[in-house]
Amino acid sequence: MAHVEKRGQGKWRARYRGPDGRERSKTFDRRTDADRWLASIEVSKARGEWVDPSLGKRTFASWAEEWSGAIVDLRPSTLQRDLGIVRVHLLPRFGSVPLSRITNPMVRSFVADMLGTGHHSPATVRKVGQVLTKVMRGAVEAGLIARSPCEGMRLPAEPRREMRFLTAEQVSVLAEAAGPHAAIVIYTAAYAGLRWGELAGLRVERVNVLRRSIAVVEQLNELSGKFAWGPPKTAAGRRAVSRPAALAQMLEVRLARLEVLGSGLVFPTPLGEPMRRSNFARRVWAPALQRAGLDGLRFHDLRHTAVALAIGQGAHPKALQERMGHSSVTVTLDRYGHLYEGLDGQIAEGLDDVLRNSRGLAAASTLPEKSGSGPCSDERPGEGQWALRDSNPRPPPCKGGALAS
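Since the structure is predicted, the reported quantities are computational estimates derived from the model, not experimental observations. In this numbering scheme, every chain counts its residues from 1 along its sequence in written order. Reporting of local features is limited, given that this is a predicted model, to residues whose pLDDT is at least 70; pairs of side-chain atoms are given and counted only at 80 or more, and all residues count toward the totals for whole chains, interfaces and linings. Heavy atoms from the whole structure form the basis of all side-chain values; hydrogens and water molecules are not counted.

Comments concerning a positive patch on the surface
- By definition, no residue in a patch forms a salt bridge, and every one has over 30% relative accessible area; like charges are joined within 9 Å, nonpolar side chains (Val, Leu, Ile, Met, Phe, Trp, Tyr) within 5 Å. Calculation of accessible area relied on Shrake-Rupley with a 1.4 Å probe; when residues are assessed, cover is drawn exclusively from the protein chains displayed. The term salt bridge refers to a side-chain nitrogen of Lys or Arg lying within 4 Å of a carboxyl oxygen of Asp or Glu. By the counting scheme adopted, Arg and Lys are positive, Glu and Asp are negative, and His together with the chain ends is not counted. Charge coordinates come from a single atom per side chain, which is NZ of Lys, CZ of Arg, CG of Asp or CD of Glu. A contiguous patch of positive charge, built from K127, R160, K233 and R335, is present on the exposed surface.
- With respect to the helices, strands and loops of the structure, K127 is situated in helix α5 (residues 122–141). Labels follow the DSSP assignment, with helices taken as runs of H or I lasting at least four residues and strands as runs of E lasting at least two, numbered in each case from the N terminus.

Set out below in structure tokens:
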């Protein structure tokens, strides 16, 4: 039975028996604090939320090591990023602190300090906070602590990167500036919308020449300088992308090159090796941007360009979602919905044609009644069409003001 007992001058010890049958105690300076603590323990026991307090003595560093070794649901690149955040940002601050001693004010102070130094962007602070939340949530799920200290923690808003969209002419200028070997990479990114990893890892057998389609089923990632094959970014990323006829012809020529036949990759380097993003950016992309006058353009902006070009051709959002491999059509509309605004005028023009044609057909199908066939035998020409002009019409008067009965 839980109780509080006095232990010397100004000391009070609260004792209770846990669900595991073991008795535990804690000493306080005031009787009120001891009673409040016992009440909270009884509530947690009743709710099934009680946690052995000795488990919370485990340090953050010890738990983070176990947590990282049990991760199985992250892409290799995401896992590498998260582990780097733990090593660089979290261990220096929380490594030696017991899990039960990490409090919400401590976490909030950590986030505020990162923002206050000015050395970290809001995007970096947000990622660090998200990883800390995942580590502490794992501790809760493992039964080491009752609640996560990250609950209610406010992180900087997700910064929106400005998208750039090239015109078809700008894509051609950029491709030509990149040189004959890299031009096809740029054309494929801009007209098929493949991500960098999907392009770098595109195998020859994934290109269907007859159907003019590309099967996206994997991508090539760089992890600490080493290549690793993995699935697309999302489950929806596994898709088939149709190619414009002109792009299909370019790829057919590409597939006959010796470095392609030797490597099995559609876009290897001239030496037949997989493309490294850093090398491509330094040797091809940056010089091409300078020659084309497109400074500041990111390679990923070619994917945005692919969306804009497709919308310009009247692509339906659902078809666009499937083509780009977005997880849902909501994602597509959230990112690119503003590009559909310019099509509203085209819709109005099309509806105007429909409206005019429908009125003309309706007028042609309703012919005027011949003279003498209306309610008055001396009806004037054209007055037999009164039903088309008035939704609540009255027949024209007969001579002398009388209506035919």
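The structure having been displayed, the exposition proceeds.
Things to note about the pairing of strand β8 (residues 239–242)
- Accessibility here uses a 1.4 Å probe with only protein chains present; expressed as a share of the type maximum, an area under 20% marks a residue as buried, one over 50% as exposed, and anything in between as partly exposed. Burial along β8 is one-sided: R239 and V241 are buried, while A240 and S242, pointing the other way, are not.
- The criterion for strand pairing is that DSSP finds at least two bridges linking the strands in question. The pairing of strand β5 (residues 213–216) with β8 spans 4 bridges and is antiparallel. Looking at the pairing, I214 lines up with V241 of β8.

What about the packing of aromatic side chains?
- A pair of Phe, Tyr and Trp rings is counted when the ring centres sit within 6.5 Å of each other, with Trp represented by its six-membered ring. The angle between the planes then sorts it: under 30 degrees is stacked, over 60 is edge-to-face, the rest tilted. Inspection of every chain in the model, using the stated rule, returns 8 aromatic pairs.
- Each ring, one from W196 and one from F299, has its centre 5.2 Å from the other, and the planes form 90°; the classification is edge-to-face. With a gap of 103 residues between them, W196 in helix α8 (residues 196–200) and F299 in the loop between α11 (277–292) and α12 (301–312) connect regions that are remote in the sequence.
- A relative accessible area of 9% means that W196 is categorised as buried.
- Of the residues examined, F299 reaches a relative accessible area of 10% and is grouped as buried.
- A centroid spacing of 5.3 Å and a plane angle of 65° characterise the contact between W285 and F299, whose relative ring orientation is edge-to-face. One end of the pair, W285, is in helix α11; the other, F299, is in the loop between α11 and α12, with 14 residues separating them in the sequence.
- For W285, a relative accessible area of 8% gives the class buried.
- Taken together through their ring pairs, the aromatic side chains of W196, F280, W285 and F299 make up a single cluster.
- Remark: a charge is flagged as sitting over a ring if the NZ atom of Lys or the CZ atom of Arg is within 6 Å of the ring centre and within 35 degrees of the ring normal. For R203, the ring lying beneath its charged end belongs to W229, and the centroid distance is 3.9 Å.

Here's the deal with the sheet that holds strand β2 (residues 12–17)
- Spatial ordering of the open sheet is given by β1-β2-β3, a layout of 3 strands whose pairing is antiparallel. Pairing within the sheet leaves two strands with one partner each, and these edge strands are β1 (3–6) and β3 (23–28). Direction aside, the axes of adjacent strands within the sheet are offset by 25° on average.
- Here β2 runs beside β3; their pairing, made up of 6 bridges, is antiparallel. Counterpart to R17 in the pairing with β3 is E23.
- Every residue pair with non-hydrogen atoms within 4.5 Å of one another is taken to be in contact. All axes are obtained by fitting lines to C-alpha atoms, using only the stretch in contact for helices, and the reported angles, taken between N-to-C directions, cover 0 to 180 degrees. Taken strand by strand, helix α1 (residues 31–47) contacts β1, β2 and β3, and its axis lies near 15° from that of β2.

A few points about the side chain of R303
- Position of R303 among the secondary structure elements: in helix α12.
- Buried and unpaired, R303 has no salt bridge, with E198 as the nearest side chain of opposite charge at 4.7 Å.
- Polar contacts here mean pairs of N or O atoms no more than 3.5 Å apart (in protein, one a potential hydrogen donor and the other a potential acceptor; neighbouring residues in sequence count only if both atoms are side-chain atoms). At 2.5 Å, the side chain of R303 and the backbone oxygen of G193 are in polar contact.
- The residues contacting R303, other than those within four sequence positions of it, are A189, G193, R195, R239, M324 and H326.

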